[in-house]
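Residue-level structural notes
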Amino acid sequence: MRPTQLAGLLDGVEPGVPETLDLVTGFDNTLVPGLARLTGEQRAGLSALTAAVAVTPLADRVREAVEKVNAGSIADEHLTAFAGARTALLGAVHDALSARLDGALGRSRADWVPGVGGTGDPVPDTVLAGSRAWLRELAIAGWQGVDHEVVASAARTVETLLGVPELRRLAVLLDGLAAELGATCPVGAAGRVPVRRWADLWSRALLLSHAAGSPDGAAAVTVSGRLLVLGVDVHEHGTAVQVQVHGVLEAAGAQPRLVRTSVSAAKVETIVGPAVWRLLRSCPVLLGALAERRALEVTDLPLLPGGDLLWRDGQARPGEVVDPFATARLRLAEAAAPPVPPLDRHPVRIAEPVLLEGYRAGRRDDGELVLELDGSALPVDVARLPSCGPLTPELVLGSSACLGLVRWEDGRWSLQPFAVQTGGKRGAAAVHTGDWALGPTDPKVAKAEARAGDAVAVLRERAGRLLRR
């Protein structure tokens, strides 16, 4: 990312974005007390939502939903209309911000082609009805009315959904939302409610409960070629961990393109830090490539329209050692970005890989870490640095080059690092999030891990003992 590109990204605010986000906030605030206990201000927020979509195909549905809710009648179709309108507004914000980022980077992006979904076996609506019923209960009670009984009622629904492979995304989403609500119960007594986040989870779950299955799966194309890893983004929750690898796919006769591939595992809250990598040992080829910084030769892997490779470890083999920073310098500028699926069009979903060099790292008066390049300062989101890797704020502060993801949250752009180059007496050294994929390389961390014992092995042994009884 050159100085002019960074300046173009950070210069000013995209027109209409703040106003659109205010409309979303107006609706989100109705979910705090619940749709059964709306104040005049919250009813005005619903009316504003109606006006915002007045010239769209959602207009009649949203207007009817507002009228019914104001009259005290709340049905699934009304909540779905609200979730659809909210998602459409955030999608418009996403598109405006994404276009600004692509323009600043000079990055080309394919257009989403409507109707590419597959025609897999439909999921019986009775399986999904339970999730919609629980989400309706949340909307009526509001976050302030959620108690342990409401949270516990989601358990049976989640168990049912987990039994259907096509619905596991929805199941994990509902399980995560229930866990967050349960950890805050009673929510009414909580000092601060994450209004935007819970509304995001609620609306996405509601739409997924209608868009059953995995429509993109049947539309996948198979690809073969060389996957050059740029970096790793670790998403960790109390009950799950996902490692998302960003890279450039080189296929014969095709333009290099940006892709992602993810592997996930269930976990418990006691498994943290480097131990989470042990949960993913079923993917030794991928983990070995991350730890050893190797390219991957992939054969006939499914590629979804949104740029996600469905990882199958047996269809990949390790290639030569390749420096991710060299990959970024040589391939990142010409790699085409994938289109964004409709349900993923959300500002927080923006996560574009970039390379920054020649900056000055420092801290502002409030302690925030920034990378300054010719007068433009990009904040560094150190809160996203995972505990399972060696990357620390101190290493970022002493770095001369950084690979990471540009994100947009809380009304501004920021950088999430997943690799840095630092200078030293022995020359430049690189540190990557995936360096510990096969175990910690830092002797102190390895010794601490050895003292703590292998929590994953202990839990697996205990689970096996229970199953044998």
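Residues numbered from 1 in each chain as written. Predicted model: local features only at pLDDT ≥ 70, side-chain atom pairs only at ≥ 80, totals over all residues. Heavy atoms only, no water.

Checked against the element boundaries, Gln 416 lands in strand S12 (residues 412-422). Residue Gln 416 is classed as buried on the basis of its relative accessible area, which comes to 3%. In terms of polar contacts, Gln 416 uses its side chain to reach the side chain of Asp 233, at 2.7 Å. (Helix = DSSP H or I, 4+ residues; strand = E, 2+ residues; numbered from the N terminus. Buried < 20%, exposed > 50% of the residue type's maximum accessible area, 1.4 Å probe, protein only. Polar contact = N/O pair within 3.5 Å; in protein donor to acceptor, adjacent residues only side chain to side chain.)

It is a probe the size of a water molecule, rolled over the atoms, that shows where empty space is left. Roughly 310 Å³ of internal volume is contained in the second largest pocket. In terms of lining residues, the second largest pocket is bounded by 14 residues, among which Met 1, Gln 5, Leu 332, Ala 333 and Leu 355 are the most central. The set of elements that each furnish at least two residues to the lining of the second largest pocket consists of helix H12 (324-332) and strand S7 (352-357). The leading source of residues in the lining of the second largest pocket is S7, at 4 residues. Split by residue class, the lining of the second largest pocket holds 8 nonpolar, 2 polar and 4 charged. (1 Å grid on protein atoms, 1.4 Å probe; cavity = no way out; pocket = protein on both sides within 12 Å on 5 of 7 lines; lining within 4 Å. Points joined across faces, edges and corners; volume = space filled by probe spheres on them. Nonpolar A, V, L, I, M, F, W, Y, C, P; charged D, E, K, R; others polar.)

Turning next to the pattern of salt bridges. Summed over all chains, the structure comprises 28 salt bridges. Ionic pairing is found between Glu 14 and Arg 100, a salt bridge with its closest N-O pair at 2.7 Å. With Glu 14 in the loop between helix H1 (3-10) and helix H2 (17-28) and Arg 100 in helix H5 (residues 76-105), this residue pair connects regions lying 86 residues apart in the sequence. Notably, a salt bridge pairs Asp 60 with Arg 63, separated by 2.5 Å at the nearest N-O pair. With Asp 60 and Arg 63 both in helix H4 (residues 59-70) and 3 residues apart, the pair spans about one turn of that helix. Of the residues examined, Asp 60 reaches a relative accessible area of 52% and is grouped as exposed. A relative accessible area of 38% places Arg 63 in the partly exposed class. When salt bridges that share partners are traced, they join Arg 226, Glu 250, Glu 320, Arg 331 and Glu 334 into one network. (Salt bridge = Lys/Arg side-chain N within 4 Å of Asp/Glu carboxyl O.)

The 4 strands lie next to each other as S7-S11-S12-S13, forming an open sheet whose pairing is antiparallel. Strand pairing shows two members of the sheet lacking a second neighbour, S7 and strand S13 (429-432), which therefore form its edges. Sheet twist, expressed as the average angle between the axes of neighbouring strands with direction ignored, equals 40°. Where S7 meets strand S11 (residues 399-409), 6 bridges bridge the pair, whose relative direction is antiparallel. Following the sheet pairing, Glu 352 is matched in S11 by Val 406. (Pairing = 2+ DSSP bridges. Axes fitted to C-alpha atoms, helices over the stretch in contact; angles between N-to-C directions.)

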